[in-house]
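# Structure assessment
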Amino acid sequence: MPSLQRLLRHPWVLGILGILAVLLLWWITTASGSVNKLFLPSPQAVWQAGQRQWGSGLLLKDALASIQRVFIGFAMSAGLALPVGITMGTSPVICRLLEPLMGLIRYMPAPAFIPLLIIYFGLDELPKVLLIFIGTFFFNTLMIMDAVKFVPRELVETARTLGGRTLPILLKVVAPFIAPQVLDTYRINMASAWNLVIVAELMAATEGLGKRISLAQRFLRTDEIFMGLIVIGLIGLLIDLGFRALMRRACAWAN
Amino acid sequence: MHLQIADVSKSFGYGARTKEVLRQVSFAVNSGEFVALVGSSGSGKSTVLRLIAGLERPSAGSIRMDGRPLSAPGSDRGMVFQKYSLYPWLTAAQNVAFGMELQGRPRAEIRERTGYFLEVVGLADAARRLPRELSGGMQQRVAIARALAAEPQVLLLDEPFGALDIQIRESMQEFLHNLWRRTGLTALLITHDLEEALLLAGTVHILAPAPGRIVRSVTVDLDRSSMAHLRVSRPFLDLREELAQCLRGLEPALVA
C-alpha cells in the first residue's frame, strides 16, 4: 500500500528499522539463555550499567573528559592543517618538499607513538592531545591540499584578470570554493580522532570513556564494556551529524 | 587604445620535448574594434588570448598596449572563459561586483555599476540568483557583465559560447553584437566557428595549426543591421564559403 512505501522512503526509517532489528535479535539471543552471560550481556544488563554510571555522575565525567581531549587535539590539527594544506596546494615547490615526508608519516600508525609520547610528556593530558594531533594532522593537510589543487583554474584566472593578487585570491576564491571539502575532511578525520582518544585512554588515563572500558575489562564487566562502546559510538555519530548540519548551512551553494 | 601583438612566438616544454604552439603571430586591436581569431583546436588561438591576458609569457616577440609592454594579468584586459565562468557561491550581482570589490571601489559605486551592467546584459531580475539557477547563456552574460564592470580597455573572449546549445549560441551572438554596438567596447574573440567570427567581427584572422600562425586576414564589411538576414545573405555566405575552403585546406588529411 502506498502510505507504507512512502514511510519506508523517509530517509531515517530504514536505518532505524535496521537498528531495531539488531536490538531485537540481541534481546532474543540473550533471553533464550543459549549464550554465556559473560560473552554477551543482555540489553537490559547493559542499560542498567548505563543507568548506574549516569546516576553516579561517572558517565558524564568520562564523556566530558574524552570529548575535551578530542576537541583540543583536533582543533590544533584542523587549525594548522588549513594554512599548511593551502600553501602546499598553491606552491608546487612547497608541495614537492613536504608531500613525500607527510606521506611517509601518515602511514605510521598513531598508536605506535604512544610509548614515545609517554616517555617525552608523561601521563597527563598533553600526550593524549598530541596523539590526536599526530593521528589526524597529516590526513587533514593532504586532503585540504588536494581540495586546493582541484580548484578549477578558470576561477583563479578570472580573479587575476580582474586585477586580483595572491592573498585576495586565496581568501575570496580558493577559501570559499574549498570550504565544503574542508568541512567534509574534518568530519571524516574526526572519526579517527575519536578512535584515537579512546586508544590513548586505554593505555594511560585517570578518567575518560576509554579508561572506563579498560577498568571494566579488568573486572570482566562485559555489560559495562558494551555500554561504553555504545556510548562512544553514539557520541561519534552525533559529532558526524553535527558536521553534516554545519555543511548544509554554511555551504548551501554546494548541495 | 592600441594593442599590438608583434612577432609573438610561444613554445612549451624544453629540450627534445619542446612544442611550438605559436610562430610569429602579429596583429593589432584598436579602440572600439571587434577582432576575431579563427582556427581549429591546436591552432594556438587560446594561447594567444592567454598571452595577451598575461596568464602566460611569450617565448619571443612583444605584446604592447599603447606602447607599454604587458607582462602580468590586470583589469585592463578582462577575460570571459568558456566554462567555470562564475563563482558558484556568489549570486549574479555578487559575481558582477567581484572585480570592482578587488579594485576597492566605494560601496555606492559598486552597487550602482552592478545594477547598470546587469541591466545592460538584460539580467536585472536575476540579480539575487545563484549561478546554478541560471541557464548557460545567462551565466555567460553575467560573466561578460562582470568583466565589463571592472572597466577593461579590451574584452578577451575565449570561445565564450562553445559550451552552449546552438539556439542559445545564436541568440548570444546577437546579444554580443548589440552589446558592442551599444557600449562601444573593444573585443578580441577566439572561436573555431567561422560563422560566429564573420557575424561579429570587423577583422578576422585565420590561424593555421601546428604551429599556430596567421595565414589570412580579412576585413569584414557587411550590413549588420539584421543578424537574421545577415546569416542567409549572399555576401555573407560567399565570404563564409571562401574562408571555409581556406580553413579546410589547413587541416591535415584525415585519410592517408
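Residues numbered from 1 in each chain as written. Chains lettered and ligands numbered in written order. Predicted model: local features only at pLDDT ≥ 70, side-chain atom pairs only at ≥ 80, totals over all residues.

### Let's talk about the overall build of chain B
Rules: Put simply, DSSP marks the helices as runs of H or I at least four residues long and the strands as runs of E at least two long, and each gets a number from the N terminus on. Only C-alpha atoms enter the radius of gyration; for comparison, a globular chain is expected to reach 2.2 Å times N to the power 0.38, where N is the number of residues. Once C-beta atoms are placed from the backbone, each residue is buried if 20 or more other C-beta atoms lie within 10 Å of its own, exposed if 12 or fewer, and partly exposed for counts between those two.
Assigned secondary structure in chain B consists of 8 helices and 10 strands. Here the C-alpha atoms of chain B give a radius of gyration of 19 Å, agreeing with the 18 Å that 2.2 N^0.38 yields for 256 residues. Taken along its principal axes, the extent of the C-alpha atoms in chain B is 60 × 45 × 35 Å. Put simply, chain B has 256 residues, and 41% of those count as buried.

### Comments concerning the pairing of strand 1 (residues 2-12) of chain B
Rules: Strands were regarded as paired on the criterion that DSSP finds at least two bridges between them.
Across 8 bridges, the pairing between strand 1 of chain B and strand 2 (residues 19-30) of chain B is antiparallel. Pairing of glutamine 4 of chain B across the sheet is with alanine 28 of chain B, part of strand 2 of chain B.

### Considerations on the packing of helix 9 (residues 166-203) of chain A against helix 10 (residues 209-218) of chain A
Between two packed helices, both the angle of their axes relative to each other and the distance between the axes serve to describe the pair. Residue and element names in this part refer to chain A. Operational definition: Here, axes are lines fitted to C-alpha atoms. For helices the fit covers the stretch in contact, and angles between N-to-C directions go from 0 to 180 degrees. Roughly parallel refers to an angle under 35 degrees, roughly antiparallel to one over 145, roughly perpendicular to one between 65 and 115, and oblique to any angle outside these ranges. Handedness of a crossing is defined here by the sense of rotation of the near helix relative to the far one, left-handed for an anticlockwise turn of less than a right angle and right-handed for a clockwise turn. A pair of residues counts as a contact when their C-beta atoms, built from backbone coordinates, are separated by no more than 7 Å.
Running from amino to carboxyl end, helix 9 crosses helix 10 at an angle of 45 degrees, the nearest separation of the two axes being 7 Å. Between helix 9 and helix 10, the interaxial angle falls into the category oblique. The way helix 9 lies across helix 10 gives a crossing that is right-handed. Side by side, helix 9 and helix 10 meet where Val197, Ile198, Val199, Ala200, Glu201 and Leu202 of the first sit next to Leu209, Gly210, Lys211, Ile213 and Ser214 of the second.

### Things to note about the sheet that holds strand 4 (residues 60-65) of chain B
Residues and elements named next belong to chain B. Pairing is antiparallel in the open sheet, where 4 strands are placed in the order 2-1-4-5. Of all strands in the sheet, those bounded by a partner on one side alone are strand 2 and strand 5 (68-69). As defined by bridge partners, strand 4 adjoins strand 5 across 2 bridges and the pair is classed as antiparallel. Among the inter-strand pairings, methionine 65 is bridged to a residue of strand 5, identified as arginine 68.

### Considering the interface of chain A and chain B
Note the following rule: Residues were grouped as follows: Ala, Val, Leu, Ile, Met, Phe, Trp, Tyr, Cys and Pro as nonpolar; Asp, Glu, Lys and Arg as charged; and all remaining residues, including Gly, as polar.
Between chain A and chain B, the contact holds 13 residues from the first and 21 residues from the second. Elements with a minimum of two residues in the side of chain A that touches chain B: helix 8 (153-161) and helix 9 of chain A. Among the residues making up the side of chain A that touches chain B, the classes are represented as 6 nonpolar, 4 polar and 3 charged.

### Digging into unusual backbone geometry
Residue and element names in this part refer to chain B. The peptide bond linking alanine 210 to proline 211 adopts the cis configuration, its omega dihedral lying at -5 degrees. Looking at the secondary structure, you find proline 211 in the loop between strand 9 (203-208) and strand 10 (213-219). Phi at aspartate 66 is positive, roughly 50 degrees, even though this residue is not glycine. For aspartate 66, the location among the structural elements is in the loop between strand 4 and strand 5. Assessed through the 10 C-beta atoms surrounding it within 10 Å, aspartate 66 is described here as exposed. Backbone geometry at tyrosine 84 places phi at a positive 50 degrees, although glycine is not the residue there. By C-beta crowding, tyrosine 84 is classed as partly exposed, having 19 other C-beta atoms within 10 Å.

### Points about the confidence of the model for chain B
Threshold: For every residue, the predictor assigns a confidence score, pLDDT, that lies between 0 and 100.
Residues with a pLDDT of 70 or more make up 98% of chain B, whose mean pLDDT is 92. Here the prediction assigns the complex a pTM of 0.86, and the interface score ipTM is 0.89.

### Quick look at helix 8 of chain A
Of the positions making up helix 8 of chain A, those classed as buried are Glu157, Thr158, Ala159, Arg160 and Thr161 of chain A. As for helix 8 of chain A, its buried residues are in contact with helix 9 of chain A together with helix 1 (45-53) and strand 6 (77-80) of chain B. One or two steps after helix 8 of chain A, the chain reaches glycine 163 of chain A, where phi turns positive at roughly 95 degrees.

### Focus on the domain arrangement of chain A
Operational definition: The domain limits used here are those given by an automatic or database domain assignment.
When the domains of chain A are assigned, the result is domain 1 (2-31) and domain 2 (43-254). Look at where the C-alpha atoms of domain 1 of chain A and domain 2 of chain A centre, and you get two points 31 Å apart.

### Notes on helix 5 (residues 92-106) of chain A
All names here are of chain A. What counts, and what does not: Expected span of a helix, by definition, is 1.5 Å for each gap between consecutive residues, and there is one gap fewer than residues. A residue's bend is simply the angle between two axes: one fitted to the seven residues ending at it, one to the seven starting at it.
Counted at 1.5 Å a residue, the expected span for helix 5 with its 15 residues is 21 Å, and the 20 Å between its end C-alpha atoms agrees. Along helix 5, the helix axis deviates most sharply at leucine 98, where the bend reaches about 35 degrees; the proline proline 100 sits within four residues downstream. Helix 5 sits mainly on the outside: 0 of its 15 residues count as buried.

### Observations concerning the sheet that holds strand 7 (residues 154-158) of chain B
All names here are of chain B. The strand order 6-7-8-3-9-10 describes an open sheet built from 6 strands, whose pairing is mixed. Of all strands in the sheet, those bounded by a partner on one side alone are strand 6 and strand 10. For this sheet, the mean inter-axis angle between neighbouring strands, taken without regard to orientation, is 20 degrees. Pairing of strand 6 with strand 7, which is carried by 4 bridges, proceeds in the parallel orientation. The residue bridging glycine 78 from the neighbouring strand is leucine 155, located in strand 7. In this fold helix 4 (residues 136-149) packs onto strand 6 and strand 7, with an angle of close to 170 degrees to the strand it touches most, strand 6.

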